[in-house]
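Here is what each chain is made of, one letter per residue.
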Amino acid sequence: TFDLLSVRDNEHLKRWEALFEQSEIKADQSRRDCEAAVFAGVPESIRGSVWQLLAKLGRSESGTDPLLPYPELIKEASPAVLNAVRLDLGRTFPMHPLYRDPCGTGQKKLCNVLLAYSSYDMEVGYCQGMSFLAGLILAYVEEEEEGFALFVDLLYKYQLRDNYKPGMSGIKLRLYQLSRLVHDHYFNVHEHLNTYEVTPSLYAISWVMTAFATQLPFQLAARIMDFVFLQGIQAIFKVVLYIIEISEKEILALRSFDELINYMKEVVPEKISASFEYNVKAIFSNDLSTEMRELHIEYKVLNEDMAHANKAEYLETKYELLKLQNKCHAHQITLLNKELQQCRAEKRALLAESEMRRRGEDVGESLIVMRDKKISELAREMEILRNENESLRKQLRKRYREGHVHL
């Protein structure tokens, strides 16, 4: 278990109380004194106030003032965010007394802070992992709205917000920096992990995104957060390097992917808990800020080179695609020409057939005219014959009456 030597409240309370008063007068001196005091220890009873003081004395960058009052920010959260937050509440420090009860004030406060942040920071909204940072803060800052303000400071001032940006650009940078730091400080471990394809994205992503709150004991995570508020995100990288340092022999002795992953996830928490407070000075005294800035620049240059390489590759691929499309189009044109010639031949055949039909219709019309004419002539002849027949009959009847004809 974590031996929290720094919780010697009687030794440190007066020192911190003096620092709270001094910070109002001498900010620069307060920063130096606060650094020494954090190394010496932070009493549990005033940890929230210490974090607020460190955030106040820390970097100048911060989020913008909320456009809406805190209660309104909570109400503005979307139903989708509310559902996502509710799903994560039960997974956030489920054994901690403050968050154990699903209907308790702890979970209600945590839910409100996360909903308010999703409305405050529309670009990021809510992401998994945030609940552990907010939960850690609310365990030490009793006033909910003050906890929200400190949560905003943590994400903005100390660049943890970048870890949650869409597209994961921030966390990709952090994992690159971490991989290069391990390479530069513990080359053999880096190469051994690479041999078994164990990359930081497999074992360290939750460490970086939640400042170890998901895997280490609660009080140890809070102690690491002391140094995050003091030194920024580099404090997290210092802890990772410490883990590699105290685990180097064991890591190099492991010979499989599964063994290495299991060691990082299961053994490391116990190993670091036993020795952490005794080595605080060694862990956090070195400065990684220059290395991290250089690695940030290196990452940007590599990304730009990759973008250019990707652009050239894209243009080459597009050129080949256009060539293929052109070839396909040429083939289609040939087929269409053949089809056009066939259609023209069919058209000529249809015109010829139509002409023949037309001529046939003309002949038929002539025959009909001739037939009609013949019928008319026959009708006239029949009429003449009927007339002649009628005339003969009249002559016969006349002769009969005259007695010339014997019937």
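In this report, the structure presented in the accompanying data block is examined. These numbers come from a predicted model, not from an experiment. (Residues numbered from 1 in each chain as written. Predicted model: local features only at pLDDT ≥ 70, side-chain atom pairs only at ≥ 80, totals over all residues. Heavy atoms only, no water.)

The next subject is the packing of helix H7 (residues 130–138) against helix H13 (residues 218–231). Contact pair H7 / H13: the axes reach a minimum separation of 11 Å and the direction vectors enclose 90 degrees. Judged on the interaxial angle alone, H13 and H7 are roughly perpendicular. Counting all contacts with H7, which are made through Leu133, Leu136 and Ile137, the residues of H13 involved are Phe218, Ala221, Ala222, Met225 and Phe229. Here the contact of H7 with H13 is built from residues that sort into eight nonpolar, no polar and no charged. (Axes fitted to C-alpha atoms, helices over the stretch in contact; angles between N-to-C directions. Helix = DSSP H or I, 4+ residues; strand = E, 2+ residues; numbered from the N terminus. Parallel < 35°, antiparallel > 145°, perpendicular 65-115°, else oblique. Contact = heavy atoms within 4.5 Å. Nonpolar A, V, L, I, M, F, W, Y, C, P; charged D, E, K, R; others polar.)

As a further point, take the packing of helix H3 (residues 47–57) against helix H8 (residues 144–157). As a packed pair, H3 and H8 sit with axes 10 Å apart at the nearest point and diverge in direction by 45 degrees. Taken together, the axes of H3 and H8 lie oblique to each other. The element H3 and its partner H8 pack so that their crossing is left-handed. Contacts between H3 and H8 involve Gly48, Trp51, Gln52, Ala55 and Lys56 on the former and, on the latter, Glu146, Leu150, Asp153 and Lys157. Counted by class, the contact of H3 with H8 contains three nonpolar, two polar and four charged residues. (Left-handed = near helix turned anticlockwise from the far one by under 90°.)

With respect to the secondary-structure elements, serine 119 resides in helix H6 (residues 105–120). Judged by its relative accessible area of 13%, serine 119 falls in the buried class. Reaching out from serine 119, the side chain makes a polar contact with the backbone nitrogen of alanine 77 at a distance of 3.1 Å. If we skip the residues at most four places from it in the chain, serine 119 touches Leu73, Glu76 and Ala77. (Buried < 20%, exposed > 50% of the residue type's maximum accessible area, 1.4 Å probe, protein only. Polar contact = N/O pair within 3.5 Å; in protein donor to acceptor, adjacent residues only side chain to side chain.)

The full count for this structure, using the stated rule, is 19 aromatic pairs. Ring geometry for phenylalanine 39 and phenylalanine 227: centres 5.1 Å apart, planes at 75 degrees, overall edge-to-face. Here phenylalanine 39 is found in helix H2 (residues 27–40), whereas its partner phenylalanine 227 is found in helix H13, with 188 residues between them in sequence. Exposure class is identical for phenylalanine 39 and phenylalanine 227. Each is buried. Taken together, a centroid distance of 5.3 Å and an interplanar angle of 45 degrees make the contact between tyrosine 176 and tyrosine 299 tilted. One end of the pair, tyrosine 176, is in helix H9 (residues 169–185); the other, tyrosine 299, is in helix H17 (residues 289–402), with 123 residues separating them in the sequence. Summarising the burial analysis for this pair, tyrosine 176 and tyrosine 299 share the class buried. Within the aromatic cluster, the residues linked to one another by ring pairs are Trp51, Phe93, Tyr99, Phe132, Tyr140, Tyr158, Phe218 and Phe229. Between the NZ or CZ atom of arginine 47 and the centre of the ring of tyrosine 140, over which it lies, the distance is 5.4 Å. (Phe/Tyr/Trp six-rings, centres within 6.5 Å; stacked < 30°, edge-to-face > 60°. Lys NZ or Arg CZ within 6 Å of the ring centre and 35° of its normal.)

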